[in-house]
Amino acid sequence: MELNVEGLDDLPRVADDILQIAEDQKIFMFYGQMGAGKTTLINTLCEKLGTRDKTSSPTFSIVNEYTLEDGSIFHFDFYRLKNQTEAMDFGYEDYFYSGNYCFIEWPEKIPDLWPDNFVKVVIEVLGENKRRISVEKVM
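A brief structural summary.

Rules of the game
- Residues numbered from 1 in each chain as written.
- Predicted model: local features only at pLDDT ≥ 70, side-chain atom pairs only at ≥ 80, totals over all residues.
- Heavy atoms only, no water.
- Buried < 20%, exposed > 50% of the residue type's maximum accessible area, 1.4 Å probe, protein only.
- Helix = DSSP H or I, 4+ residues; strand = E, 2+ residues; numbered from the N terminus.
- Pairing = 2+ DSSP bridges.
- Salt bridge = Lys/Arg side-chain N within 4 Å of Asp/Glu carboxyl O.
- Axes fitted to C-alpha atoms, helices over the stretch in contact; angles between N-to-C directions.
- Contact = heavy atoms within 4.5 Å.
- Phe/Tyr/Trp six-rings, centres within 6.5 Å; stacked < 30°, edge-to-face > 60°.
- Lys NZ or Arg CZ within 6 Å of the ring centre and 35° of its normal.

### What about the pairing of strand β1 (residues 2-5)?
As a general feature of sheets, a regular strand has side chains that alternate between the two faces.
Next, step 1: In β1, alternate side chains face the same way, and those of L3 and V5 are buried while those of E2 and N4 on the opposite face are not.
Next, step 2: Two strands pair when backbone bridges link them, and β1 and strand β7 (residues 131-138) are joined in this way by four bridges, in the antiparallel orientation. Residue pairing for β7: L3 is matched across the bridge by I133.

Have a look at this one:
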């Protein structure tokens, strides 16, 4: 499914659409060039899911955890990983297979570690505030 974003005001609607497409899937992989808006979209998804924690990019920490009433959201940014071994060293499996939400930026850095099922979110920059977001459930 393709979703169009004309500006930041569209993000709550788009986040609702993405969560509806995902149904019960909780692993999300986000693709897009630097500055495309991956973290901004993830922040909106976190709000929609009900976290009251302040969300931010985990660029230096690699993973941030946000609390939900009935679980957690794990937000990953693999941009700075040198290789997949670094993800293995911090125990990515404990997060990916925990049953909690996982929002993964730069999944192309860990292609051999992907779970079998996830939601693929591709953000394409069309203009300063315009984006085309493609959402697909991968099974």
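### What to know about the pattern of salt bridges
Next, step 1: Within this structure, the stated rule accounts for seven salt bridges.
Next, step 2: Between D17 and R13 there is a salt bridge whose closest N-O contact spans 3.7 Å. With D17 and R13 both in helix α1 (residues 11-22) and four residues apart, the pair spans about one turn of that helix.
Next, step 3: Residue classification places R13 among the partly exposed positions, given a relative accessible area of 39%.
Next, step 4: Salt bridges sharing partners connect three or more residues here, namely E2, E124 and R132.

### Overview of unusual backbone geometry
Next, step 1: Here E23, not a glycine, exhibits a phi torsion of approximately 55°, which is positive.
Next, step 2: Note on placement: E23 falls in the loop between α1 and β2 (27-31).
Next, step 3: Judged by its relative accessible area of 58%, E23 is exposed.
Next, step 4: The phi dihedral of W106 falls on the positive side, at around 60°, and the residue is not glycine.
Next, step 5: Counting through the fold element by element, W106 comes out in the loop between β5 (101-105) and β6 (118-125).
Next, step 6: Among the residues examined, W106 registers a relative accessible area of 13% and is labelled buried.

### Quick word on the environment of D17
Next, step 1: Judged by its relative accessible area of 22%, D17 falls in the partly exposed class.
Next, step 2: With 93 residues separating them in the primary sequence, D17 and I110 have C-alpha atoms 27 Å apart.

### Description of the sheet that holds β5
Next, step 1: Ordered by their spatial adjacency, seven strands build an open sheet running β1-β7-β6-β2-β5-β4-β3, and the pairing between neighbours is mixed. With one partner strand each, in any of the chains shown, β1 and β3 (63-68) form the two edges of the open sheet. Taking the axes of each pair of neighbouring strands and ignoring which way they run, one obtains an average angle of 20° across the sheet.
Next, step 2: Contacts from α1 reach β1, β2, β6 and β7, with the element oriented near 165° to β1.
Next, step 3: Relative to the sheet, helix α2 (residues 38-49) contacts β2, β3, β4 (71-77), β5, β6 and β7, its axis offset from that of β5 by approximately 170°.

### With respect to the packing of aromatic side chains
Next, step 1: Scanning all chains against the criterion turns up 15 aromatic pairs.
Next, step 2: Centroid distance F78 to F90: 6.2 Å. Interplanar angle 35°. Geometry classified as tilted. Here the residue F78 occupies a position in the loop between β4 and α3 (84-89), and F90 occupies one in the loop between α3 and α4 (92-96), the gap between them amounting to 12 residues.
Next, step 3: According to the relative accessible area criterion, F78 is buried, its value standing at 0%.
Next, step 4: A relative accessible area of 26% means that F90 is categorised as partly exposed.
Next, step 5: The interplanar angle of 80° and the centroid separation of 5.2 Å between the aromatic rings of Y92 and F96 together place this pair among those described as edge-to-face. Of this pair, Y92 and F96 both sit in helix α4, separated by four residues, roughly a single helical turn.
Next, step 6: Owing to a relative accessible area of 8%, Y92 belongs among the buried residues under this scheme.
Next, step 7: An aromatic cluster is defined as three or more aromatic residues linked by ring pairs; in this entry it consists of F74, F76, F78, F90, Y92, Y95 and F96.
Next, step 8: Note that K109 overlies the ring of Y79, its terminal NZ or CZ placed 6.0 Å from the centroid.
Next, step 9: Its end group placed over the ring of Y31, K120 keeps NZ or CZ at 5.4 Å from the ring centre.

By themselves, these figures tell us nothing about what the structure is for.
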